[in-house]
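The lines below spell out each chain.
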Amino acid sequence: MTVPASDALVLFGATGDLAYRKIFPALQAMVRRGSFEVPVIGVARSGWTLERLRERVRASLREHGDGGDDAAGERLVALLRYVDGDYREADTHKRLRAALGGARRPLHYLAVPPSLFPSVVDGLGESGSAEGARVVVEKPFGRDLASARALNRALHRTFAESAVFRIDHYLGKEAVQNLLYFRFANAFLEPVWNRNYVRSIQITMAEEIGVQGRGRFYEEVGAVRDVVQNHLLQVLAHLAMEPPVGDGSEALRDEKVKVFRGIRPLGAANLVRGQYDGYRAEDGVAPDSQVETYAALQLHLDSWRWAGVPILIRAGKRLGATATEVLVQLEHAPQQVFGEAAAAPSNYFRFRLGPDRVAIAIGASTKQAGAAMAGEPVELYVCNDRGPEMSAYERLIGDALRGDPTLFAREDGVEAAWGIVDPVLSLPLPVHPYRQGSWGPQEADALAAACGGWHRPDKGVSLAHRTVA
Ligand code: BG6
């Protein structure tokens, strides 16, 4: 079913950081592609003028886009309007209504802190700007299960779920979509993609950067809320879900929700938290902060396909490399046919999701040249060197404008994902210090012991060889 496209984009938080770094560059790319030509109405409480916003947009395109002075940039600048005012005041919404003119189906993008969502959404409802409209909100969707539910209730006072588009930018990444494509477009995978052949699944999101001046924000969040509850559980859903039945966005989202519901809620024994040395000296961070900048988790997915398969996730800042990678390790071959003392390493699938060298690799063994029947590990490696055709934001904003919800988090999925991490959020678990540039605290090693240790995305795969007695 095709739904009508939005005919205006309203950007709450137009003078803020997200708009500057991500949204304006994405709009410029869409203008260049010829897929964006609706008015952009910036709303903010900054005391700015339209001219100042235009300058800000040009600066954003120079720093994060394709330059501020090209034809696409100027076309975007020409589409701008500006409404200055407090989101909580009826007068601001009245002026926004007037600025919308004849637009019938605006897309309201809430690039503002979640604490402001209820005021903005209520104001849109009361002023008549919500009719025929859609709303985009950004993560974090709440800070635990109870607040996520409250946020969803606040959105639903004004917007039906079908009009709510929750952005998790990982879902807009080409490599994350490719996980789904690779799984369901290839027949060879399905027979092995289950507990009979898969020994473990690991997802690593390592970042060399620290909190980058966002200490105040990060103190309220920590690694579990910042990237595990959303980005990494979404990646896991793509790896673990059943094939969707039928087409359409809901079939896919239904299957992802089932994955989240099948994952056992975390207990203290399944989570190791860490904090990099020096974090407490960052701006906005408490001198005795207990917030984790690193989290390692072991999950259990109680489903026919995955029962008993260890699933490991780790994410951290100020680690030894910047890389997000998935490793799906298979069981060993049943016998050493060639009489080697050590078994060949087990096969694996490695998915590099970013930031660069986006790739899919299959680990296998081949014969070394020479007289002996001796093997060596190789990778069958496919890399996309061209880089993404579209940024995640361009993809997601385009989809929201067209009204396609496939790549957005749905209410039940968000709540089910919170349900997994919620039990550990309020526990006083220790936070282990780790050295900057390391791979996190040693205390996390035990979680991965049964899987041959943690996968290091900077090192290639060095899985333990099994020695045959
Ligand atoms: C954001 C987090 O959602 O994702 C950041 O708030 C994190 O802390 C970022 O650095 C990582 O995104 P990407 O696309 O660089 O992997």
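Everything quoted here is computed from the prediction, not taken from an experiment. (Residues numbered from 1 in each chain as written. Predicted model: local features only at pLDDT ≥ 70, side-chain atom pairs only at ≥ 80, totals over all residues. Heavy atoms only, no water.)

Undergrad: With reference to specific residues and values, describe the sheet that holds strand β3 (residues 80-84).
TA: Pairing is parallel in the open sheet, where six strands are placed in the order β3-β2-β1-β4-β5-β6. Of all the strands in the sheet, the pair left with one neighbour each is β3 and β6 (164-167). Each strand axis lies, on average, 20° off the axis of its neighbour in the sheet, ignoring direction. Running over the sheet, helix α3 (residues 71-79) touches β2 (40-44) and β3 and is turned about 40° from β3. (Pairing = 2+ DSSP bridges. Helix = DSSP H or I, 4+ residues; strand = E, 2+ residues; numbered from the N terminus. Axes fitted to C-alpha atoms, helices over the stretch in contact; angles between N-to-C directions. Contact = heavy atoms within 4.5 Å.)

Undergrad: Explain the confidence of the model for the chain residue by residue, including any values.
TA: Mean pLDDT over the chain works out to 94, with 97% of the residues at or above the 70 mark. Low confidence marks residues 462-469, where pLDDT is under 50. Its contacts with residues over four positions away, or in another chain, come to 17 contacts. (pLDDT = per-residue confidence, 0-100.)

Undergrad: Talk me through the sheet that holds strand β13 (residues 359-367); I want residue IDs and the actual numbers.
TA: Spatially, β14-β13-β12-β11-β7-β10-β9-β8-β15 is the arrangement adopted by the nine strands of the open sheet, whose pairing is mixed. Strands at the two margins of the open sheet, each flanked by one partner only, are β14 (375-383) and β15 (431-434). On average, each strand axis in the sheet is inclined to that of its neighbour by 20°, with strand direction left out of account. Sheet topology places strand β12 (residues 348-354) next to β13; five bridges connect them, and they run antiparallel. Residue pairing across strands places Arg350 opposite Ala361, the latter belonging to β13. Relative to strand β10 (residues 311-316), helix α9 (residues 222-240) is tilted by about 140°, and along the sheet it contacts β7 (198-206), β8 (271-276), β9 (294-299), β10, β11 (323-330) and β12.

Undergrad: Before we move on, can you summarise the environment of Ala448 with the specific residues and values?
TA: Looking at where Ala448 falls in the secondary structure, it is placed in helix α13 (residues 445-448). For the pair Ala448 and Asp247, spaced 201 residues apart in the sequence, the C-alpha separation amounts to 37 Å. If sequence neighbours within four positions are ignored, Ala448 has contacts with Leu312, Gly453 and Trp454.

Undergrad: Tell me about the packing of helix α4 (residues 90-100) against helix α5 (residues 117-127), and name the residues and values.
TA: Packing of α4 against α5 leaves a shortest axis separation of 9 Å and a crossing angle of 60°. Here α4 lies oblique to α5, going by the angle between them. The two elements α4 and α5 cross, and the hand of that crossing is right-handed. The residues of α5 that touch α4, namely those facing His93, Leu96 and Arg97, are Ser119, Val120, Gly123, Leu124 and Ser127. Classifying every residue of the contact of α4 with α5 by side-chain character gives three nonpolar, four polar and one charged. (Parallel < 35°, antiparallel > 145°, perpendicular 65-115°, else oblique. Left-handed = near helix turned anticlockwise from the far one by under 90°. Nonpolar A, V, L, I, M, F, W, Y, C, P; charged D, E, K, R; others polar.)

Undergrad: Run through the site of the ligand, naming residues and quoting values.
TA: Around the ligand, the surrounding shell consists of Lys139, His169, Tyr170, Lys173, Met205, Glu207, Arg214, Asp226, His231 and Lys317. For the ligand, an oxygen atom lies 2.5 Å from a polar atom in the side chain of Tyr170. Within the contact set of the ligand, an oxygen atom lies 2.7 Å away from a side-chain nitrogen or oxygen of Lys173. Here the ligand has 400 Å² of accessible area as a free molecule, and 73% of this is covered by the chains. (Near = heavy atom within 4 Å. Polar contact = N/O pair within 3.5 Å; in protein donor to acceptor, adjacent residues only side chain to side chain. Areas by Shrake-Rupley, 256 points an atom, 1.4 Å probe, with all protein chains shown as cover.)

Undergrad: For a nonpolar patch on the surface, give the residues involved together with the corresponding values.
TA: On the surface, Val337, Phe338 and Met373 cluster together into a nonpolar patch covering about 330 Å² of accessible area. Tracing the backbone through its elements, the reader meets Met373 in the loop between β13 and β14. In this structure Met373 comes out as partly exposed when scored by relative accessible area, which is 45%. (Patch = residues over 30% accessible without salt bridge, like charges linked within 9 Å, V, L, I, M, F, W, Y side chains within 5 Å. Salt bridge = Lys/Arg side-chain N within 4 Å of Asp/Glu carboxyl O. Buried < 20%, exposed > 50% of the residue type's maximum accessible area, 1.4 Å probe, protein only.)

Undergrad: Lay out the packing of aromatic side chains in plain terms, naming residues and giving numbers.
TA: What describes a pair of aromatic rings is the distance from one ring centre to the other and the angle between the planes of the rings. This structure, assessed with the given rule, holds ten aromatic pairs. Seen from their ring centres, Phe165 and Phe408 are 5.0 Å apart, and the 80° between their planes marks the pair as edge-to-face. Within this pair, whereas Phe165 is found in strand β6, its partner Phe408 is found in the loop between α11 (392-402) and α12 (411-425), the two being separated by 243 residues in sequence. Taking 6.4 Å as the distance between ring centres and 75° as the angle between the ring planes, the aromatic pair formed by Tyr276 and Tyr434 counts as edge-to-face. Residue Tyr276 is found in strand β8, and its partner Tyr434 is found in strand β15; the two are separated by 158 residues along the sequence. Residue class for Tyr434 comes out buried when judged on its relative accessible area of 3%. Each member of the aromatic cluster is reached from another via a ring pair, and the members are Tyr218, Tyr276, Tyr279, Tyr294 and Tyr434. The ring of Tyr170 carries the charged tip of Lys173 above its face, separated from the ring centre by 4.6 Å. Between Arg318 and the ring centre of Tyr276, over which it is positioned, the NZ or CZ distance is 5.8 Å. (Phe/Tyr/Trp six-rings, centres within 6.5 Å; stacked < 30°, edge-to-face > 60°. Lys NZ or Arg CZ within 6 Å of the ring centre and 35° of its normal.)

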